Amino acid sequence: MAETKDRVLIAGATGYLGRRLVKASLALGHPTFLLFRPDTASDLARCQMLMELKMEGAQLLQGSLDDRDSLISALKQVDVVVSTIAGDQILQQLKLVEAIKEAGTIKRYLPSEFGMDVDRMHHAMPPGDKVFSEKRIVRRAIEEASIPHTYISANCFAGIFLAGLAQLAIFMPPRDHVNVYGGGDKRCIWVAEEDVAMYAMLSVDDPRTLNKVLYLRPPANILSQMEVIEIWERVVGRKLSKTFISEDEWLSQMDKMPPFEQSAMAHFCHIYYRGELDFEVEGPRGVDSSELYPHYKYVTAQEYLKRFG
């Protein structure tokens, strides 16, 4: 008899990461459900995305974080919940946590994390600290409710960081000039979004990730900014001119930027100046993707940058 796969509900399925999670869930054979609000019917782009995902095999479940009965009804039809609710909506997940607790049937919850490990970032500088603080509030609520969970620490999305060689708000690699932070020597982890999604979905029914932080650390992608720049220079066959920016110079520009970019600049400081993604994964709460899933064929930084070459 074929193994019955857990039924997965994805909240935020039409978003940047959400649609990739849907595809990964389907690829692994999970019956996959997409939570959608009634007011989605007036959003053409979201409707089209939902229909495309439905044609690939996903199923739609109507429910809203603001309608407890509909939400609980949806939850009782699945085994696993994955959330990608982000931005200024992060604390809306508290409604989802309460509903999961009341439903009492969910085997695993993956909240909207997918970045730096928020419990390692209590010292984060403002205004970048806000997102970490809010995600910690959600974590503590999950733990207080004794909800089985996995937190995904995905580090640096390739499309946001690697694609632009870590240039702020640039999402294609420059061909002439690049800014380098400090000496460009602090290592971080660059992960393609499709791999973030697949690692996350591999974890949903893995007992080794239960109530753990899963750190995504593809070994070939633990690289400094300068190493990434050098890979791109080999791809395009030319050297880029470089401006080296000190931490003090970087921080002096923050208050001249819009609020969202101020937060991003604070995060860049922790990553590229202070090297706070370069650490050894230690138990009992942390597990390393490269140890749990050594045979998974992830996209290397070089392969990713060649897409632009």
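The structure displayed is predicted, hence computed values, not measured ones.

Engineer: Looking at this model, I keep getting lost on the packing of helix α3 (residues 68-75) against helix α4 (residues 93-103). Mind explaining?
Structural biologist: For any two helices packed against each other, one specifies the inter-axial angle together with the distance between the axes. Interhelical geometry of α3 versus α4 gives an angle of 60 degrees and a closest axis separation of 9 Å. Taken together, the axis directions place α3 and α4 in an arrangement best described as oblique. In the packing of α3 onto α4, the handedness of the crossing is right-handed. Of α4, the residues touching α3 (which contributes Arg68, Leu71, Ile72 and Leu75) are Lys95, Leu96, Glu98, Ala99, Ile100, Glu102 and Ala103. Class assignment for the residues of the contact of α3 with α4 results in seven nonpolar, no polar and four charged.

Engineer: Can you help me understand the sheet that holds strand β2 (residues 32-36) in this one?
Structural biologist: The strands making up a sheet associate through backbone hydrogen bonding, with each pair oriented either parallel or antiparallel. Spatially, five strands are ordered β3-β2-β1-β4-β5 in an open sheet, and the strand pairing comes out parallel. On the outer flanks of this sheet lie β3 (59-62) and β5 (108-110), each paired with one strand and no other. Taken over all neighbouring pairs, the strand axes of this sheet differ in orientation by 25 degrees on average, direction set aside. Sheet topology places strand β1 (residues 8-11) next to strand β4 (residues 80-83); four bridges connect them, and they run parallel. Within β4, the residue paired with Leu9 across the bridge is Val81.

Engineer: I keep staring at the UniProt feature "domain: NmrA-like" (unreviewed entry) in the chain and nothing clicks. Help me out?
Structural biologist: In the numbering used here, UniProt assigns the "domain: NmrA-like" (unreviewed entry) feature to residues 5-305. Across residues 5-305, the secondary structure splits into 38% helix and 17% strand, with the terminal C-alpha atoms separated by 35 Å.

Engineer: I would appreciate a short explanation of the environment of Gly104 in the present structure.
Structural biologist: Mapped onto the elements, Gly104 comes out in the loop between α4 and β5. Under the relative-accessibility criterion, Gly104 is labelled exposed at 61%. Placed 203 residues apart in sequence, Gly104 and Arg307 show a C-alpha to C-alpha distance of 45 Å.

Engineer: Would you mind going over a nonpolar patch on the surface with me for this structure?
Structural biologist: Side chains of Tyr16, Ile160 and Phe171 sit close together on the surface and give an oily, nonpolar patch of about 280 Å² of accessible area. On the secondary structure map, Ile160 appears in helix α6 (residues 158-162).

Engineer: Is there a simple way to explain the nonpolar core in this structure?
Structural biologist: The tendency in soluble globular proteins is for nonpolar side chains to be buried side by side. Ranked by internal contacts, the top residues of the largest apolar core, which has 77 residues, are Leu21, Val82, Phe114, Trp190 and Tyr272. Here this core takes seven residues from helix α10 (residues 259-273), the largest share from any one element. Those residues in contact with Leu21 that lie beyond four places of it in its chain are Ile10, Val82, Thr84, Phe114, Ala197, Ala200 and Met201.

Engineer: Quick question: what am I supposed to make of the sheet that holds strand β11 (residues 222-224) here?
Structural biologist: An order of β7-β9-β11 is seen for the three strands of this open sheet, with the pairing classed as mixed. With partners counted over all chains shown, the strands left at the sheet margins are β7 (156-157) and β11, one partner each. Both strand β9 (residues 187-191) and β11 contribute to a ladder of three bridges, which runs antiparallel. In the strand pairing of β11, Ile189 is matched with Ile222. Helix α8 (residues 225-236) rests against β9 and β11 of the sheet, and its axis sits at about 90 degrees to β11.

Engineer: Please explain unusual backbone geometry as it appears in this structure.
Structural biologist: With the exception of glycine, the majority of residues adopt a negative phi angle, and the majority of peptide bonds are in the trans configuration. Cis geometry is found at the peptide bond from Pro126 to Pro127, where omega equals 0 degrees. Structurally, the position occupied by Pro127 is in the loop between β5 and α5 (129-144). Positive phi, normally seen in glycine, also occurs at Ala166, with a value near 70 degrees. Its relative accessible area of 0% is what places Ala166 among the buried residues.

Engineer: Would you explain the pattern of salt bridges in this entry?
Structural biologist: Between side chains of opposite charge, pairing is possible as soon as their charged atoms come close. Applying the stated rule across the entire model yields 25 salt bridges. Between Asp43 and Arg46 there is a salt bridge, and its shortest N-O distance comes to 3.2 Å. Residue classification places Arg46 among the partly exposed residues on the basis of a relative accessible area of 38%. Across the pair Asp288 and Arg217 runs a salt bridge whose closest N-O atoms are separated by 4.0 Å. Note that Asp288 is positioned in strand β13 (residues 286-288) and Arg217 in the loop between β10 (212-215) and β11, a separation of 71 residues in sequence. Overall, Arg217 belongs to the buried group, its relative accessible area being 7%.

Engineer: Help me out: how do you make sense of the side chain of Thr40 in this one?
Structural biologist: Here Thr40 lies in the loop between β2 and α2 (44-55). Thr40 gets classed as buried once you look at its relative accessible area, which sits at 7%. Here Thr40 is in contact with Arg46, Cys47 and Leu50, once residues within four sequence places are set aside.

Rules of the game
- Residues numbered from 1 in each chain as written.
- Predicted model: local features only at pLDDT ≥ 70, side-chain atom pairs only at ≥ 80, totals over all residues.
- Heavy atoms only, no water.
- Axes fitted to C-alpha atoms, helices over the stretch in contact; angles between N-to-C directions.
- Helix = DSSP H or I, 4+ residues; strand = E, 2+ residues; numbered from the N terminus.
- Parallel < 35°, antiparallel > 145°, perpendicular 65-115°, else oblique.
- Left-handed = near helix turned anticlockwise from the far one by under 90°.
- Contact = heavy atoms within 4.5 Å.
- Nonpolar A, V, L, I, M, F, W, Y, C, P; charged D, E, K, R; others polar.
- Pairing = 2+ DSSP bridges.
- UniProt positions renumbered as here; feature names shortened; annotations may be inferred.
- Buried < 20%, exposed > 50% of the residue type's maximum accessible area, 1.4 Å probe, protein only.
- Patch = residues over 30% accessible without salt bridge, like charges linked within 9 Å, V, L, I, M, F, W, Y side chains within 5 Å.
- Areas by Shrake-Rupley, 256 points an atom, 1.4 Å probe, with all protein chains shown as cover.
- Salt bridge = Lys/Arg side-chain N within 4 Å of Asp/Glu carboxyl O.
- Core = buried A, V, L, I, M, F, W, Y, C linked by side-chain atoms within 4.5 Å.

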